[in-house]
Every structure is written in C-alpha cells, then in structure tokens.
Amino acid sequence: QVQLVESGGGLVQAGGSLRLSCAASGRTYSTHAMGWFRQAPGKEHEFVGPIRWNGDVYYADAVKGRFTISRFNAKSTVTVYLQMNSLKFEDTAVYYCAARINSYSSSNPNDYAYWGQGTQVTVSS
C-alpha cells in the first residue's frame, strides 16, 4: 500500500501563487510515476501533469507555463510538489496527488492506483 498526503492548499487571489506538496509513504518506490489532477465542482478529474522518477514531466495546456511539478526521491519516501503561479479563478478545484505502480507517465486518472485525499485550492477573482 502507498499512502499519499497532500498539503498546501488554501485561498489566494487571482495572480497569486501556491505550492502544494504530496508526501508518499508506505510501499513507495522512487521509480514510480506520480501525477497531479484536479477536480472542480460538478466536473470530472482533470489532468494537470505527471512526473517520472527522473523528473521528466509534461503539463496540460491549461496550466502550461504557470505550473511546475517537481519531485524529491528519498530512501523511503517520495515527495512531489506542484508550484502554481499566476493563478486564475478557473484553477479553483480540489487538487489530488496520485501514484502509479510503474514508471510510465499517463494523463489518464484510471492508470493511477493510489490517490491522496485532496487539498482545496480556491482562487478569488
């Protein structure tokens, strides 16, 4: 089992910044791909970006140029970060960290076996 705990959400004005963290523990492997998703009220999970063990990352068009994903692989834990700049009202959502059981990136939420509880990000206009 892998446990994922997100933190760092909150209320921010449009144009501001937030950094989310996701701490992975349990049977974590530094080679597993991880990803960030978000879900606005009444909408499906939306892909933000995955990151492979070596730092390879790509982003959804909606966040490209504003969001940055990074990860830190320690001996028994993995921490993934989501730096969000130039936030917009439409970025308001619950943000989820997710982990795969292999090293391949994916934008499909169904490919992720483990999910955190989510952290709320609210951007005021």
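Below is a summary of the structure that appears in this document.

Rules used in this analysis
- Residues numbered from 1 in each chain as written.
- Predicted model: local features only at pLDDT ≥ 70, side-chain atom pairs only at ≥ 80, totals over all residues.
- Heavy atoms only, no water.
- Core = buried A, V, L, I, M, F, W, Y, C linked by side-chain atoms within 4.5 Å.
- Buried < 20%, exposed > 50% of the residue type's maximum accessible area, 1.4 Å probe, protein only.
- Helix = DSSP H or I, 4+ residues; strand = E, 2+ residues; numbered from the N terminus.
- Pairing = 2+ DSSP bridges.
- Axes fitted to C-alpha atoms, helices over the stretch in contact; angles between N-to-C directions.
- Phe/Tyr/Trp six-rings, centres within 6.5 Å; stacked < 30°, edge-to-face > 60°.
- Lys NZ or Arg CZ within 6 Å of the ring centre and 35° of its normal.
- Disulfide = S-S within 2.5 Å.

**Overview of the nonpolar core**
Considering soluble globular proteins, one finds that nonpolar side chains tend to be buried as a cluster.
And step 1. Ranked by size, the top nonpolar core spans 31 residues in total, and within it Met34, Trp36, Leu82, Met84 and Tyr95 carry the most contacts.
And step 2. For this core, the secondary-structure elements that each account for two or more residues are strand E1 (2–7), strand E3 (18–26), strand E4 (34–39), strand E5 (46–51), strand E6 (67–73), strand E7 (78–84), strand E8 (93–99) and strand E10 (119–124).
And step 3. Looking at which element gives the most residues to this core, the answer is E8, with five residues.

**As for unusual backbone geometry**
And step 1. One non-glycine residue, Ser86, adopts positive backbone phi at about 50 degrees.
And step 2. Looking at the secondary structure, you find Ser86 in the loop between E7 and E8.
And step 3. The exposure class assigned to Ser86 is partly exposed, which follows from its relative accessible area of 42%.

**Thoughts on the sheet that holds E3**
And step 1. Sheet architecture is open: four strands sit in the order E1-E3-E7-E6, paired in antiparallel fashion. Both outer strands of the open sheet, E1 and E6, are each paired with one neighbouring strand and no more. When strand polarity is set aside, the average angle formed by the axes of neighbouring strands in this sheet is 15 degrees.
And step 2. Across seven bridges, E6 lies against E7 in antiparallel orientation. Its bridge partner being in E7, Thr68 is matched across the sheet by Gln83.

**Looking at the packing of aromatic side chains**
And step 1. Applying the stated criterion to the full structure yields six aromatic pairs.
And step 2. Relative to Trp115, the ring of Tyr96 has its centre 6.3 Å away and its plane inclined at 75 degrees; by these criteria the two rings are edge-to-face. With Tyr96 in strand E8 and Trp115 in strand E9 (residues 114–115), this pair connects stretches of sequence that are 19 residues apart.
And step 3. Note on Tyr96: relative accessible area 16%, which makes it buried.
And step 4. Cluster of aromatic residues (ring-pair linked, three or more members): Phe37, Phe47, Tyr58, Tyr96, Tyr112 and Trp115.
And step 5. Seen from the ring of Tyr112, Arg100 lies directly overhead, with NZ or CZ sitting 6.0 Å from the centre.

**Concerning the state of the cysteines**
And step 1. All chains considered together, the criterion is met by one disulfide.
And step 2. Each sulfur of the disulfide joining Cys22 and Cys97 lies 2.1 Å from the other. Judged by the torsion about the S-S bond (-75 degrees), the Cys22/Cys97 disulfide is left-handed. One end of the pair, Cys22, is in strand E3; the other, Cys97, is in strand E8, with 75 residues separating them in the sequence. For the pair shown, Cys22 and Cys97 are each scored as buried.

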